Amino acid sequence: MQYNISAADLEMILALNRTGTLASAGERLAVDASTVFRTIQRIEKGLGQRLYERSRSGYLPLEMAQALASHAEQMEAALEAARSVAQLHPEQAAGSVRITTTDSILNGLVVPALGALQARHPLLSFELHAGNELASLTRRDADIAIRATKRPPQHLVGKHVGPIRVALFAARHTGYQSLTADLAAEACWAAPDDALPDHPSVVWRKKHFPKVVPTYRVNSILTVAEFVTHGLAVGVLPLFLVQGRTDLIQLTEVLDECQTELWLLTHTESRHLRRVSAVFSHLAAHLTLG
């Protein structure tokens, strides 16, 4: 007898595909891990084939699981659209929106913009992921991505926010005034060389000051800012992160070689969801680079 897969089955597969572990999938669906395990076993038995490769790190979806998850995403989008239509106040958005960006953009731009959005749409909640890797919008690891890039992926819907300008900074109490060859040689530097070897600031420093070796090699621009703030190092920082601060001094003019562009991105299918479009539109209007 042919197995009739249900909407609940698709929801379970999608949750496991997104999280990779029984416990995390169960947490997302408000069930225990054993329920996820039994459900997946039942589906595999009914279909007559395995859906996942099991390993110590978790569950890796095979081709059938990926195909079924794609249908589950369509079902999810349709359900979200139906819920939006059924809202008593259609101008109000509700639900959870997953946003991925870097820590410096999250703290310097996104967080300040969320207050007014929460006041306007109190039924919204947010999952905020800060990391250098670009979470997959296609797999719905995130609904919205905010990234510094000169070439955003063509399959995503994007809004160009503006140029990200940077300069070299130091703490004012260090007494440094401007970048000279002597300062470059004597000062401690903080930079994301290992985590972001192709970062424009790293490329610029290696080009103009090839003998400088950072004292502090960190994994984020926000951490660079912390070292600079405490006077432990000089570092290249985006201007939006230091606006209005009097405890830092700009040692160089804006470094044109390091300029990149800020993009607000979402998936073509996600942009029509009320919760996503509300957040996307708000961020498009309120992210300001100064």
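Residues numbered from 1 in each chain as written. Predicted model: local features only at pLDDT ≥ 70, side-chain atom pairs only at ≥ 80, totals over all residues. Heavy atoms only, no water.

As for the pairing of strand E2 (residues 58-61)
Strand direction decides the pairing type here: strand E1 (residues 52-55) and E2, joined by four bridges, are antiparallel. Following the sheet pairing, Ser-55 is matched in E2 by Gly-58. Counted along the chain from E1 to the antiparallel partner E2, the turn is two residues long. (Pairing = 2+ DSSP bridges. Helix = DSSP H or I, 4+ residues; strand = E, 2+ residues; numbered from the N terminus.)

Some points on the environment of Ile-13
By the secondary structure assignment, Ile-13 is in helix H1 (residues 7-19). Separated by 55 residues in the primary sequence, Ile-13 and Leu-68 have C-alpha atoms spaced 7.4 Å apart.

Side note on the nonpolar core
In terms of nonpolar packing, the biggest core is built from 58 residues, with Ile-144, Ile-146, Trp-189, Leu-237, Leu-264, Leu-283 and Leu-287 touching the most fellow members. Per-element tally for this core: the top contributor is helix H5 (residues 103-120), with seven residues. In this structure Leu-283 touches Ile-99, Ala-113, Leu-114, Ile-146 and Leu-264, once residues within four positions along its chain are discounted. Core analysis: the next-biggest nonpolar cluster, separate from the first, contains 18 residues, Leu-14, Ile-40, Leu-51 and Ala-69 among them. (Core = buried A, V, L, I, M, F, W, Y, C linked by side-chain atoms within 4.5 Å. Buried < 20%, exposed > 50% of the residue type's maximum accessible area, 1.4 Å probe, protein only. Contact = heavy atoms within 4.5 Å.)

Re the sheet that holds strand E12 (residues 260-267)
Ordered in space as E4-E3-E5-E12-E6, the five strands form an open sheet in which the pairing is mixed. Two strands in the sheet have a free side with no partner beyond their single neighbour: strand E4 (123-130) and strand E6 (156-164). Pairs of neighbouring strands in the sheet enclose a mean axial angle of 20 degrees, with direction left out of account. Bridge count between strand E3 (residues 94-101) and E4: eight bridges; the pairing is parallel. Residue Thr-101 lies in a different strand from E4, and its bridge partner there is Ala-130. Most of the contacts of H5 go to E4, to which it runs at about 175 degrees, and overall it touches E3, E4, strand E5 (144-148) and E12. (Axes fitted to C-alpha atoms, helices over the stretch in contact; angles between N-to-C directions.)

A few points about the environment of Ile-5
Along the chain, Ile-5 turns up in the segment before H1. Take Ile-5: its relative accessible area is 32%, and that puts it in the partly exposed class. Expressed as a C-alpha distance, the spacing of Ile-5 and Val-242, which sit 237 residues apart in the sequence, is 54 Å.

Examining empty space enclosed by the protein
In the structure shown here, the tally under the stated rule is two cavities of 30 Å³ or more. When its volume is computed, the largest cavity comes out at roughly 60 Å³. If you go around the largest cavity, the residues you meet are Trp-189, Ala-190, Ala-191, Pro-192, Ser-201, Trp-204, Arg-205, Val-224, Gly-235 and Val-236. Among the secondary structure elements, those contributing two or more residues to the lining of the largest cavity are strand E8 (190-191), helix H7 (200-208) and strand E10 (235-238). Broken down by element, the residue count for the lining of the largest cavity peaks at three residues, all from H7. Tallied by class, the residues present in the lining of the largest cavity amount to seven nonpolar, two polar and one charged. (1 Å grid on protein atoms, 1.4 Å probe; cavity = no way out; pocket = protein on both sides within 12 Å on 5 of 7 lines; lining within 4 Å. Points joined across faces, edges and corners; volume = space filled by probe spheres on them. Nonpolar A, V, L, I, M, F, W, Y, C, P; charged D, E, K, R; others polar.)

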